[in-house]
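Coordinate inspection notes
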Amino acid sequence: MSDSDYTSGKMEKLLCPSMMCADFGNLSMEIKSLEDAGADIFHIDIMDGRFVPNFGMGLQDVELICRKSRIPVDIHFMIEDPGRYIEKFAGMGVSILYIHPEADAHPMRTLQRILDTGMKAGIACNPGTAAAMVEPLLPLCDYVMVMSVNPGFAGQKYIDSVDKKIMEFVNLQKRYHYNIMLDGACSPEKIASCSKMGVNGFVLGTSALFGKGRSYKEIINELRIL
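Right, let's walk through the structure included here.

Here is what the cut-offs are and how they apply
Residues numbered from 1 in each chain as written. Predicted model: local features only at pLDDT ≥ 70, side-chain atom pairs only at ≥ 80, totals over all residues. Heavy atoms only, no water. Buried < 20%, exposed > 50% of the residue type's maximum accessible area, 1.4 Å probe, protein only. Helix = DSSP H or I, 4+ residues; strand = E, 2+ residues; numbered from the N terminus. Pairing = 2+ DSSP bridges. Right-handed = clockwise from strand over helix to strand, strands pointing away. Disulfide = S-S within 2.5 Å. Phe/Tyr/Trp six-rings, centres within 6.5 Å; stacked < 30°, edge-to-face > 60°. Lys NZ or Arg CZ within 6 Å of the ring centre and 35° of its normal.

Side chains on a regular strand alternate between the two faces of the sheet. With burial as the criterion, each face of strand E4 (residues 96-99) is covered, one bearing Ile96 and Tyr98 and the other bearing Leu97 and Ile99. Pairing between E4 and strand E5 (residues 120-125): four bridges, direction parallel. Bridged to tyrosine 98 within E5 is glycine 122. Running through helix H4 (residues 107-116), the crossover from E4 to the neighbouring parallel element E5 is right-handed.

And the structure:
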């Protein structure tokens, strides 16, 4: 299925495994198992140790996942000056690219460059960033990813105050037509409640998918019907 299908309203809920949480000892098998389980998009975090105090996945990981994947791959840039790498990641076969507006001196120009490559463009909105601050960017966005934790580390607690911001983006969605994604502490309970609020998709990490001692297919089937 092409990534255009994911913006056409055909999918009821987008479930996006965070590949930072996958088993790197057998990444090819993880890719196949997650695809067979019904995952919609592979989510990859790229960090530079400066915008966030951590380092994420490497270029070799991105190349492998893009080469093996039969579903879209998205990249979440948690890096300073993300415009330096747009064409490089587009050339690898990435379908969706998220930037943090706070990390870019000219985010509108960067979003347009992403679109010019043929990728879908998205912004990631930190817990401390208001919806009103990024509204001028929304006409260029196919996706808005609301961060419900501070970016950079897995396993954090959900920040309840982002619920108000989710509703603000839901209201703005009627004007600008983007998909709303949620990243951070997406437990089954939060997936159920935020789906009702209007969130379209969820990044799945250790709160819902990985390290549960159960098959990915069983878990994803359960999350799909929440």
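With five of its five residues buried, strand E7 (residues 179-183) lies for the most part within the structure. As paired elements, strand E6 (residues 143-147) and E7 share five bridges and run parallel to each other. Bridge pairing in E7 places valine 146 opposite leucine 182. Crossover E7 to strand E8 (residues 201-204) through helix H7 (residues 188-197) is right-handed.

For the rest of this paragraph, the subject is the state of the cysteines. If you walk through the whole model with that rule in mind, you get zero disulfides. The structure places no disulfide on cysteine 66, whose sulfur is separated from the nearest cysteine sulfur, that of cysteine 16, by 14 Å. Relative accessible area serves as the criterion here: at 14%, cysteine 66 is assigned to the buried category. Here cysteine 125 is not disulfide-linked; the sulfur of cysteine 141 is the nearest cysteine sulfur, at 10 Å.

A full pass over the atoms with the stated rule returns four aromatic pairs. Taking 5.0 Å as the distance between ring centres and 85 degrees as the angle between the ring planes, the aromatic pair formed by phenylalanine 77 and phenylalanine 89 counts as edge-to-face. Taken as a pair, phenylalanine 77 in strand E3 (residues 73-78) and phenylalanine 89 in helix H3 (residues 86-92) lie far apart in primary sequence, 12 residues in all. Ring centres of tyrosine 98 and tyrosine 143 lie 6.1 Å apart, and the angle between their planes is 65 degrees; on these two criteria the pair is classed as edge-to-face. Taken together, the residues span a long stretch of sequence, with tyrosine 98 in strand E4 and tyrosine 143 in strand E6 at a distance of 45 residues. Among the residues examined, tyrosine 98 registers a relative accessible area of 1% and is labelled buried. The lysine or arginine in question, lysine 190, covers the ring of tyrosine 158, its NZ or CZ lying 4.1 Å from the ring centre.

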